[in-house]
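Architecture at a glance
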Amino acid sequence: MSPNPATTDILVRIRGLRFNRGSKVIFDGVDLDIPRGGVTAIMGPSGTGKTTLLKLIGGQLRPDAGTIEVDGLNVHALSTRDLYRLRIRMGMLFQSGALLTDLSVFDNVAYPLREHTRLNPSMIRKLVLLKLEAVGLRGAHHLMPAQLSGGMARRVAMARAIALDPMMIMYDEPFTGQDPISMGVLVRLIRRLNDAADISSIVVSHDVKETLSIADLAYVISDGRVIEAGSPHKLNASENPSTRQFIDGLPDGPVAFHYGAPALDADLFEDAP
Amino acid sequence: MITWLATLGRAGLASAARLGRANLLMLAMWGGLPAMLRRPRLLLDQMFSVGVLTVLIIAVSGVFVGMVLGLQGYYILSRFGAEATLGVMVAASLVRELGPVVTALLFAGRAGSALAAEIGLMKSTEQLSGLEMMAVNPQHRVLTPRLVAGILSMPLLAAMFTTLGVYGGWFVGVGLLGVDDGTYWAQMQSQIDWHEDVLNGVIKSVVFGVVCTWIAIFQGYDCVPTSEGVSRATTRTVVHSSLAVLGLDFVLTALMFN
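Let us look at the structure shown here. Quick caveat, the model's predicted, so the values are computed rather than measured.

To continue, consider the interface of chain B and chain A. A common way to report how large an interface is uses the accessible area buried once the components associate. Between chain B and chain A, the residue contacts involve 16 residues of the former and 21 residues of the latter. Taken over both partners, the interface formed by chain B and chain A buries close to 1,700 Å², and the fraction arising from carbon and sulfur atoms is 55%. In terms of surface lost to chain A, no three residues of chain B exceed Glu126, Met133 and Met134 of chain B, which account for 42% of the buried area on that side. One salt bridge connects arginine 141 of chain B with glutamate 115 of chain A, and the closest N-O pair in it is separated by 2.8 Å. Our enumeration of links across chain B and chain A arrives at 10 residue pairs in polar contact (both at pLDDT 80 or more). In terms of residue count, helix H6 (residues 127-133) of chain B provides more of the side of chain B that touches chain A than any other element does, six residues in total.

All names here are of chain B. By the element assignment, glutamine 219 lies in helix H9 (residues 194-221). Since its relative accessible area comes to 7%, glutamine 219 is described here as buried. Among all residues touching glutamine 219, those that are not within four sequence positions of it are Ala233, Arg236, Thr237 and His240.

Further remarks concern helix H1 (residues 2-31) of chain B. Residue and element names in this part refer to chain B. In this model, H1 (30 residues) spans 43 Å end to end at C-alpha, consistent with the 44 Å of a helix rising 1.5 Å per residue. Along H1, the positions that sit buried rather than exposed are Ala22, Leu25, Met26, Ala28 and Met29. The secondary structure elements touched by the buried residues of H1 are helix H2 (33-38), helix H7 (138-176) and H9.

Before going further, it helps to spend a moment on the packing of H7 of chain B against H9 of chain B. All names here are of chain B. The interhelical angle for the contact between H7 and H9, taken along N-to-C directions, is 145 degrees, at an axis separation of 8 Å. Crossing geometry of H7 relative to H9 is assigned as right-handed. Contacts between H7 and H9 involve Gln139, Leu143, Arg146, Leu147, Gly150, Ile151, Met154, Pro155 and Ala158 from the first element and Ser205, Val206, Phe208, Gly209, Val210, Cys212, Thr213, Trp214, Ile217 and Tyr221 from the second. Among the residues making up the contact of H7 with H9, the classes are represented as 13 nonpolar, five polar and one charged.

Moving on: the pattern of salt bridges. Pairing between side chains of opposite charge can happen when their charged atoms approach one another. Throughout the structure, instances matching the rule amount to 20 salt bridges over all chains. For arginine 85 of chain A, the salt bridge is made with aspartate 82 of chain A, and the minimal N-O distance between the two is 3.3 Å. Residue arginine 85 of chain A and its partner aspartate 82 of chain A are located together in helix H2 (residues 80-88), separated by three residues, close to a single helical turn. Judged by its relative accessible area of 43%, arginine 85 of chain A is partly exposed. In this structure, the salt-bridge partner of aspartate 249 of chain B is lysine 204 of chain B, at a minimum N-O distance of 2.8 Å. Here aspartate 249 of chain B is found in helix H10 (residues 227-257), whereas its partner lysine 204 of chain B is found in helix H9, with 45 residues between them in sequence. Residue classification places aspartate 249 of chain B among the buried residues on the basis of a relative accessible area of 10%. One network of salt bridges, in which partners are shared, links Arg36, Asp71 and Arg89 of chain A.

Rules used throughout
- Residues numbered from 1 in each chain as written.
- Chains lettered and ligands numbered in written order.
- Predicted model: local features only at pLDDT ≥ 70, side-chain atom pairs only at ≥ 80, totals over all residues.
- Heavy atoms only, no water.
- Contact = heavy atoms within 4.5 Å.
- Buried area = accessible area lost by both parts, 1.4 Å probe.
- Salt bridge = Lys/Arg side-chain N within 4 Å of Asp/Glu carboxyl O.
- Polar contact = N/O pair within 3.5 Å; in protein donor to acceptor, adjacent residues only side chain to side chain.
- Helix = DSSP H or I, 4+ residues; strand = E, 2+ residues; numbered from the N terminus.
- Buried < 20%, exposed > 50% of the residue type's maximum accessible area, 1.4 Å probe, protein only.
- Expected span 1.5 Å × (residues − 1).
- Axes fitted to C-alpha atoms, helices over the stretch in contact; angles between N-to-C directions.
- Left-handed = near helix turned anticlockwise from the far one by under 90°.
- Nonpolar A, V, L, I, M, F, W, Y, C, P; charged D, E, K, R; others polar.

Below is the structure:
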């Protein structure tokens, strides 16, 4: 389980990744490096497999071909025990928060500590309150998940994700459905946690402005491939039509406005089945 | 014709695959037994939600089924002047058949559907994925305690159903229709066999406990993680469990009572 010294500057190394869902090709030979210590954004239109990529990195899905190394370990060659050991060092924030609905905010954040450490209850309490303080929700520790707003639920999930001081956190669409205030809070928190705890962050999102404002490196994925990679500045200056359409939010372009269909007149005047 | 055959073949393959997944899940759940025994609190919590919360419907149904048995039994037996054997008829019906079977059907409707919906919703809200990413095996942590709680609860609930049913029959037969109290109990005591009747009834309820809980957990865990998928899983749980209980009851009865 020790990291490979040759890959210490690269935390996640993906080579030749291929993944299909049925007959649909999601990834077709993706190569991608995620450096340590920074915020890496993975962006792309809806349905391009961004969440799938996080699940592949976390070992929840198995690729059809290619390798994914995290901290020098080939994720899909690990035994279940070693994969779980690796996951202890990975935090993940799901789009829905994925809080356990039968546990309070406090118990949700305490959950990984109780599962994976032998700390006494007093120490767990202190750690949980500190993690909640970091996301500004220490005062909400007694609430149940159903009593939280969407933004608060994600902040609690963030506190839970950092409970075990992981080496990396993966954020799956952290800004989706948030009001401007919550979005601003989440944007700042992701950057602050990344820098304060010296971890690496992977942010999967299609909220271009917010994501690029905190990213050190960004990848744009489309049609199963990486179509652009570089700093936010480089992406903003890109002339690649697919990247431009995505960044500028243009309704038509390489990603067509119309879903594939026969000609309109043929469709309209065809007899109903 | 070819299309019809292809559809049939696909459906057969899908059913075989589902059966395979159900068996693999069962094996995985048994693998979580040692971890669960180290944390008995997990089991106790599930015994409460699966077992204790089902007590009310079981108790009420048990009493009424016993009362109906007492009433119907009395009218039939009295035609032959055999109303003294009412206690045996009520007890044998309940211990051998109605106790395990009706309890299992009620269990599938109350606890089974709740289990399937709960697990399905945990899946659709990514709670199970969240556990996996926290390096916690959801099959061991979430499913195993529910399976064991279901298996332990079923015979206890069936015993409660049977006991209250016997008292329901007594209330109608002895209390309302005038059957002799001593005869009611004495006939039951002398005619109900511990091995033939009681033990076989317990074995039936354990088997039904395994099957109903397994079906409920599998349907929830294997569902499509959408509201429609969870709804289908809940419906399937009740339908499949009921059919499995009735079918297995015939097989077990044939084996036990020749």
